[in-house]
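Each chain is listed here by its residues.
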Amino acid sequence: MPKGNYQLPSFKDAKIRTREAVKIEHTLFKLPEPTKNLGVGRKFYLRTYGCQANERDSETIVGILTAMGFTQTDQEEDADFILLNTCAIRKNAEDKVLGELGMLKKLKTNNPDLLFGLCGCMAQEEEIVQLLLKKYPQVDLIFGTHNIHRLPELLYQTMMSKERTVEVYSKEGEVIENLPVKRFGQHKAWVNIMYGCDKFCTYCIVPYTRGKERSRLMDDILVEIQELKDQGYKEVTLLGQNVNAYGKDLGLEAGFAHLLDEVAKIGIPRVRFTTSHPWDFSNDMIDVIAKHDNIMPAIHLPVQSGNSDMLKIMGRRYTSEEYKALYDRIIAKIPNCTFSTDIIVGFPNETEEQFQDTLDMVDYCKYDLAYTFIYSAREGTPAAKMVDNVPMDVKSERLQRLNEKIGLYSNMNNQKYLNKEVKVLVDGLSKRNDQVFSGYSEENKLINFTGKNIHEGDIVRVKIVDVKSWSLNGEAIEE
């Protein structure tokens with residue numbers, strides 16, 4: 001093995017769960033003396049893969065590197081330090097990162113002093129780190145999801161020693177407050193309310209890469225959101241691998257419902273949250289969402305499969321009947337609510353009849369949007385030991401049928417908005433047409449619209465004049 005400093009990941013250690021209280025660190029962040037000006041005159045390039053949790057981690061990484069004196073660049077060729085913040089939820093996400101590492105290798109040939117780093121969920125995988133050590137010598141620094149706060153020391157060590165550094169903690173994790181942050185948006189913000197997951201769905205790698213469920217203190221969350229409101233932010237999204245489990249580790253009764261209620265009272269115009277696990281979705285939560293106009297009526301509720309036997313094998317902790325009953329309760333209290341979901345196709349042993357149950361679930365819930373995936377085995381998870389006995393051509397055909405049905409319901413749901421008025425938080429000009437503005441409605445519908453005197457961050461009344469399957473077109477209503 002090449003020279004370097006190594007603390008390697010361990011799935012065996014990462015899956016341990018104890019009853020010990022989570023350590024919450026409130027110490028004011030300070031750069032170690034040797035790292036304070038390490039980035040002066042140097043540029044960094046950061047690429048982020050995966051979910052909102054990774055995006056939020058990247059905001060902290062940018063905050064730390066900026067505090068060290070680095071300047072961010074959007075051109076890999078100009079960078080002195082290239083960092084990839086990675087996702088491990090599916091194999092194709094990993095393949096994309098490895099391909100990118102291969103393509104970027106030539107940059108190091110031209111600039112031997114260039115540093116490569118890899119962090120995020122891929123760094124928490126034993127198999128991936130071993131692969132990087134053997135076949136990707138261009139990667140100088142590898143660190144995980146639990147030690148982002150250690151980036152200054154790790155980068156200093158790598159630069160000074162000119163040897164590879166690997167530091168990955170495989171543990172339950174802590175809560176580290178007061179880290180610097182550079183928000184990527186000026187009007188929308190992600191706010192972590194908890195980290196990790198204890199559900200251990202048989203296909204999922206997240207409990208191993210993100211650690212155990214650990215909640216931030218409610219006061220810390222509310223202070224952060226009040227600050228965002230004071231800075232003019234119009235929307236916050238509360239983040240967690242399973243937000244509904246918020247507060248369980250702190251012994252809070254109805255923890256997430258109570259937090260959601262308190263967040264809404266701050267008065268920020270829009271509040272969203274993701275991701276919800278159906279098993280933890282309480283009636284108290286439904287009541288709070290229905291009670292506040294500034295909690296957006298759009299819920300992401302992953303179903304994964306419509307068949308109860310499949311759900312049991314997946315370790316999802318609810319039946320298809322229980323999921324439908326939850327859906328019914330939400331619709332009864334929040335009739336204008338829209339729904340998105342996640343669905344896995346071709347899980348080991350899935351029969352045609354069981355897949356049909358998933359199609360039936362889509363018919364029942366009529367989702368506005370669904371993220372659909374062919375099953376991808378994750379090394380180290382229980383499902384990876386199952387025989388993957390559904391042929392790829394069958395998986396692909398099922399995925400096509402599923403997506404066609406999702407598209408039909410998305411279009412059908414969007415038709416309801418024709419000639420109706422919606423409120424849109426403006427993201428800016430459309431990426432495809434600089435004469436058109438783009439943003440999202442309260443129901444989380446993508447709206448492209450025309451209008452005068454429109455500015456990013458405005459909340460605009462828009463009349464819908466044209467409907468598409470995945471977006472709506474409109475005209476701003478002049479005040």
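Computed from a predicted model, the values in this text were never measured in an experiment.

Novice: Hey, could you run me through the sheet that holds strand 8 (residues 164–167) in this one?
Specialist: Strand pairing in a sheet takes place through backbone hydrogen bonds and is either antiparallel or parallel in direction. Across the sheet, 7 strands lie side by side as 1-8-7-6-5-3-4; this open sheet has parallel pairing. Each edge of the open sheet carries a strand with a single partner, namely strand 1 (4–7) and strand 4 (71–72). Sheet analysis places strand 7 (residues 141–143) next to strand 8, joined by 3 bridges and oriented parallel. Its bridge partner lying in strand 8, Leu 141 is registered against Thr 165. Across the face of the sheet, helix 2 (residues 52–67) comes into contact with strand 3 (43–48), strand 4, strand 5 (81–86) and strand 6 (115–120) while running at roughly 175° to strand 3. Its contacts with the sheet put helix 3 (residues 91–110) on strand 3, strand 5 and strand 6, and the angle it makes with strand 5 is roughly 180°.

Novice: So what exactly am I meant to see when it comes to the pairing of strand 19 (residues 437–441) here?
Specialist: Note on strand geometry: in a regular strand, side chains alternate between the two faces of the sheet. Buried residues dominate strand 19, accounting for 4 of its 5 residues. Pairing of strand 18 (residues 421–429) with strand 19 involves 5 bridges; the strand directions are antiparallel. Of the residues in strand 19, the one forming a bridge with Leu 429 is Phe 437. Pairing analysis gives 4 bridges linking strand 19 to strand 20 (residues 446–450), with the strands arranged antiparallel. What sits directly across from Ser 438, in strand 20, is Asn 448. What sits between the antiparallel neighbours strand 19 and strand 20 is a turn of 4 residues, in which Asn 444 has the positive phi angle 70°.

Novice: Would you take a moment to explain unusual backbone geometry for this structure?
Specialist: Leave glycine aside and you will find that most residues have negative phi; peptide bonds, for their part, are mostly trans. Residue Thr 275 is reached from Thr 274 by a cis peptide bond, and omega for that bond is 5°. Positionally, Thr 275 belongs in the loop between strand 14 (270–274) and helix 9 (283–291). Of note in the backbone geometry, Lys 162 takes a positive phi value of approximately 55° without being a glycine. Within the fold, Lys 162 resides in the loop between helix 5 (151–161) and strand 8. In this model, Lys 366 sits at a positive phi of 50°, which is unusual for a non-glycine residue. Inspection of the secondary structure puts Lys 366 in the loop between helix 12 (352–365) and strand 17 (369–374).

Novice: For this particular structure, what's the right way to read helix 5?
Specialist: Note: α-helices contain 3.6 residues per turn, so residues at a spacing of three or four share the same orientation. Along helix 5, the positions that sit buried rather than exposed are Leu 151, Pro 152, Leu 154, Leu 155, Thr 158 and Met 159. Along the axis of helix 5, the buried positions cluster into a sector of 170°, meaning they face one direction only. Looking at the packing, one finds that the buried side of helix 5 touches helix 2, strand 5, strand 6, strand 7 and strand 8. Directly after helix 5, the chain includes Lys 162, whose backbone phi takes a positive value near 55°.

Novice: Would you explain the nonpolar core in this entry?
Specialist: Nonpolar side chains in soluble globular proteins tend to be buried together. Within the largest apolar cluster, 56 residues are counted, with the highest numbers of intra-cluster contacts made by Leu 238, Phe 256, Phe 273 and Ile 330. For this core, the element with the highest residue contribution is helix 8 (residues 255–266), accounting for 7 residues. Apart from the residues within four sequence positions on either side, Ile 330 is in contact with Phe 281, Ile 286, Ile 299, Leu 301, Cys 337 and Phe 339. Judged by nonpolar contacts, the second largest core, of 32 residues, contains Ala 14, Cys 121, Ile 142 and Tyr 208.

Novice: Could you clarify how one ought to interpret the packing of aromatic side chains in this entry?
Specialist: The geometry of an aromatic ring pair comes down to the distance between the two centres and the angle between the two planes. This structure, assessed with the given rule, holds 11 aromatic pairs. Measuring from ring centre to ring centre gives 5.4 Å for Phe 256 and Phe 273, while their planes differ by 75°; the resulting arrangement is edge-to-face. Residue Phe 256 is located in helix 8, and its partner Phe 273 is located in strand 14; the two are separated by 17 residues in the primary sequence. For Phe 273, a relative accessible area of 6% puts it in the buried group. Among the aromatic side chains, those forming a connected cluster through ring pairs are Phe 11, Phe 200 and Tyr 208. Across from the ring centre of Trp 279, 5.1 Å away, lies the NZ or CZ of Arg 317, which sits over that ring. In this arrangement the basic side chain of Lys 324 is found over the ring face of Tyr 364, its NZ or CZ atom lying 5.2 Å from the centre.

Thresholds applied
Residues numbered from 1 in each chain as written. Predicted model: local features only at pLDDT ≥ 70, side-chain atom pairs only at ≥ 80, totals over all residues. Heavy atoms only, no water. Pairing = 2+ DSSP bridges. Helix = DSSP H or I, 4+ residues; strand = E, 2+ residues; numbered from the N terminus. Contact = heavy atoms within 4.5 Å. Axes fitted to C-alpha atoms, helices over the stretch in contact; angles between N-to-C directions. Buried < 20%, exposed > 50% of the residue type's maximum accessible area, 1.4 Å probe, protein only. Arc of directions from axis to C-beta. Core = buried A, V, L, I, M, F, W, Y, C linked by side-chain atoms within 4.5 Å. Phe/Tyr/Trp six-rings, centres within 6.5 Å; stacked < 30°, edge-to-face > 60°. Lys NZ or Arg CZ within 6 Å of the ring centre and 35° of its normal.

Honestly, that's just the spatial picture; any functional story needs more than this.
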